[in-house]
Amino acid sequence: MKVVILAGGYGTRLSEETTVIPKPLVEIGGYPILWHIMKIYSHYGLNDFVICCGHKGSLIKDYFRNFFHRNCDFTIDLTDNTLVTHHSPREPWRVTVVDTGEKTMTGGRLKRVREHLGEQTFCLTYGDGVADVNIRDLIAFHHQQGALATVTAVQLPGRWGALNLSSDRPRVVGFREKDSGDGHTISGGFFVVEPEALDLIDGEETVWEQEPMRRLVDNDQLAVYRHEGYWQSMDTLRDKVLLQETWDSGQPPWRVWQRPKAKAEPRATPPILAASIGARR
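Residues numbered from 1 in each chain as written. Predicted model: local features only at pLDDT ≥ 70, side-chain atom pairs only at ≥ 80, totals over all residues. Heavy atoms only, no water.

## Things to note about the overall build of the protein
A tally of helices and strands in the protein yields eight helices and 17 strands. Taking all 281 residues of the protein together, 54% fall into the buried category. When the accessible surface of the protein is split by element, carbon and sulfur atoms take 48% of a total near 13,000 Å². (Helix = DSSP H or I, 4+ residues; strand = E, 2+ residues; numbered from the N terminus. Buried < 20%, exposed > 50% of the residue type's maximum accessible area, 1.4 Å probe, protein only. Areas by Shrake-Rupley, 256 points an atom, 1.4 Å probe, with all protein chains shown as cover.)

Next up, the structure:
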C-alpha cells in the first residue's frame with residue numbers, strides 16, 4: 001500500500017523557518033518532520049511513499065537525492081573524488097517525489113499523482129503532523145467500514161470546517177464552518193482512501209477538505225476513525241518548540257518505531273463528536 005504525503009504548502013504561520021526551507025523539512029531532533037512521519041508508516045510496513053511537492057519542492061527532491069550520503073559516515077579522496085562509506089543507516093523506502101505545482105490546492109495535488117497510485121487503497125496524510133496512530137488498525141477499520149475514505153479524528157482545539165459525527169455509526173453526517181462554540185475534536189489527517197474517491201476532485205483549484213469531502217459525506221462514504229492518543233501538528237513556531245521539547249524528553253509519543261508492536265485492543269464507540277478539517281496544502 002502506498003502512502004501519499006501532502007508536502008507542498010507555504011507554511012506561512014511558520015515563516016521563521018519556511019522562508020528558507022519547506023515546512024516538511026523543518027527539523028525536530030535533527031530530522032525533518034517529514035522523516036518522522038515516514039518512520040511512523042514504515043513501522044507498520046508501509047514503505048512506498050509519494051511526496052506531493054510545491055513550495056520549495058526542489059529542496060525536498062535534493063533531500064531524498066542526497067539521503068544516503070547525508071546519513072552515513074564516509075571518507076572522500078579529493079584527488080580523484082572517490083568515496084568510501086563507513087556507517088550507512090538505511091531505510092527500506094521507495095520514494096516518488098512529484099512536483100504538483102506551486103499554487104495547486106490539496107485536491108489538485110492528489111489529482112496530479114493519480115498515475116502513481118494504481119488502483120489500490122492508499123494512505124494519505126499531511127507533511128506537518130505526527131501521532132501514535134496505529135496505522136495497521138486504521139487500515140483494518142477502513143476496510144471493515146467499506147467507505148471510499150476514512151479520516152482520523154483527534155482531540156485538539158481546531159480552527160477549520162467542522163464535521164458532525166454520528167454516535168451510533170462510524171460515518172460523518174454533516175459539514176459546516178467551525179465556530180467558537182465547537183468542541184475539541186478535529187481531523188488529524190491520517191486518511192485511508194480508495195482510488196475512486198479521486199474522481200470527486202474537479203481540478204487543481206479543488207481543496208480536498210472541501211467539496212470532495214462534502215460529496216463523500218452526502219454519499220455516506222466518509223468513515224471516521226477515532227484516535228484518542230497523541231497527535232500534534234507543526235503549524236506555528238510554538239508547535240515546533242513543543243515538538244522539540246517533547247523529542248528532547250526522550251519519550252516522544254509518536255516514536256512508535258522504537259517500541260514493540262502492541263496487540264490490537266477492541267475499540268469502543270464514543271458519543272457524538274465534532275471533527276474539524278483544515279484546508280492545507
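## Concerning the side chain of K39
For K39, the location among the structural elements is in helix α2 (residues 33–43). Each residue touching K39, except ones within four places of it in the same chain, is listed here: E91, W93 and W257. (Contact = heavy atoms within 4.5 Å.)

## A short note on the side chain of T246
Among the structural elements, T246 can be located in helix α8 (residues 237–248). When its relative accessible area of 17% is taken as the criterion, T246 is described as buried. Excluding residues that lie within four positions of it along the chain, T246 makes contacts with Y230, Q251, P252, P253 and W254.

## Let's talk about the pattern of salt bridges
Evaluation of the coordinates by the stated rule reveals nine salt bridges. The residue R112 makes a salt bridge to E204 at a minimum N-O spacing of 2.4 Å. Taken together, the residues span a long stretch of sequence, with R112 in helix α5 (residues 106–112) and E204 in the loop between β14 (191–193) and α7 (211–218) at a distance of 92 residues. The residue D202 makes a salt bridge to R215 at a minimum N-O spacing of 3.3 Å. One end of the pair, D202, is in the loop between β14 and α7; the other, R215, is in helix α7, and 13 residues separate them in sequence. For D202, a relative accessible area of 56% gives the class exposed. By sharing partners, the salt bridges in this structure join K23, D128 and D235 into a single network. (Salt bridge = Lys/Arg side-chain N within 4 Å of Asp/Glu carboxyl O.)

## Comments concerning the packing of aromatic side chains
Summed over all chains, the structure comprises 13 aromatic pairs. Between Y63 and F67, the ring centres sit 5.6 Å apart and the planes meet at 85°, which makes this aromatic pair edge-to-face. There is no split in this pair, since Y63 and F67 are both buried. In textbook terms, an aromatic cluster arises when at least three aromatic residues are bridged by ring pairs, as seen for F49, Y63, F64, F67 and W93. (Phe/Tyr/Trp six-rings, centres within 6.5 Å; stacked < 30°, edge-to-face > 60°.)

## With respect to α2
Side chains of residues three or four places apart in an α-helix project in the same direction, reflecting 3.6 residues per turn. Buried residues dominate α2, accounting for 11 of its 11 residues. Within α2, the full set of buried residues consists of I33, L34, W35, H36, I37, M38, K39, I40, Y41, S42 and H43.

## Here we look at the state of the cysteines
Within this structure, the stated rule accounts for zero disulfides. Sulfur of C52: no disulfide; nearest cysteine sulfur belongs to C53 and is 7.7 Å away. By relative accessible area, C53 is classed as buried at 1%. (Disulfide = S-S within 2.5 Å.)

## With respect to α7
Listed as buried for α7 are P212, M213, L216 and V217. When α7 is viewed along its axis, its buried side chains cluster within an angular range of 140° and face the same direction. Two residues or fewer after α7 comes D220, characterised by a positive phi angle close to 55°. (Arc of directions from axis to C-beta.)

## What to know about the nonpolar core
One finds Y41, I51, I135 and W254 to be the most contacted residues of the largest nonpolar core, which totals 46 residues. Secondary structure elements with two or more residues in this core: β1 (2–7), α2, β4 (48–53), α3 (57–65), β9 (129–131), α6 (135–145), β15 (222–226) and α8. Each residue touching I135, except ones within four places of it in the same chain, is listed here: I40, Y41, Y44, L46 and F190. Counting 26 residues, the second largest nonpolar core, distinct from the first, contains L6, V151, V193 and L198. (Core = buried A, V, L, I, M, F, W, Y, C linked by side-chain atoms within 4.5 Å.)

## Re unusual backbone geometry
Although it is not a glycine, K56 sits at a positive phi angle of roughly 55°. Tracing the sequence through the fold places K56 in the loop between β4 and α3. In this structure, D220 is a non-glycine residue whose phi angle is positive, near 55°.

## Quick notes on the environment of W35
Note that W35 resides in helix α2. When its relative accessible area of 8% is taken as the criterion, W35 is described as buried. Residues W35 and G127, 92 residues apart in the sequence, show an inter-C-alpha distance of 9.3 Å.

## Some thoughts on the confidence of the model for the protein
With 79% of its residues at a pLDDT of 70 or more, the protein shows a mean pLDDT of 84. Scored below 50 in pLDDT, residues 177–182 makes 13 contacts in the model with residues more than four places away or belonging to other chains. Predicted confidence for residues 260–278 stays below pLDDT 50, and this span has 51 contacts to residues more than four positions away or in other chains. (pLDDT = per-residue confidence, 0-100.)

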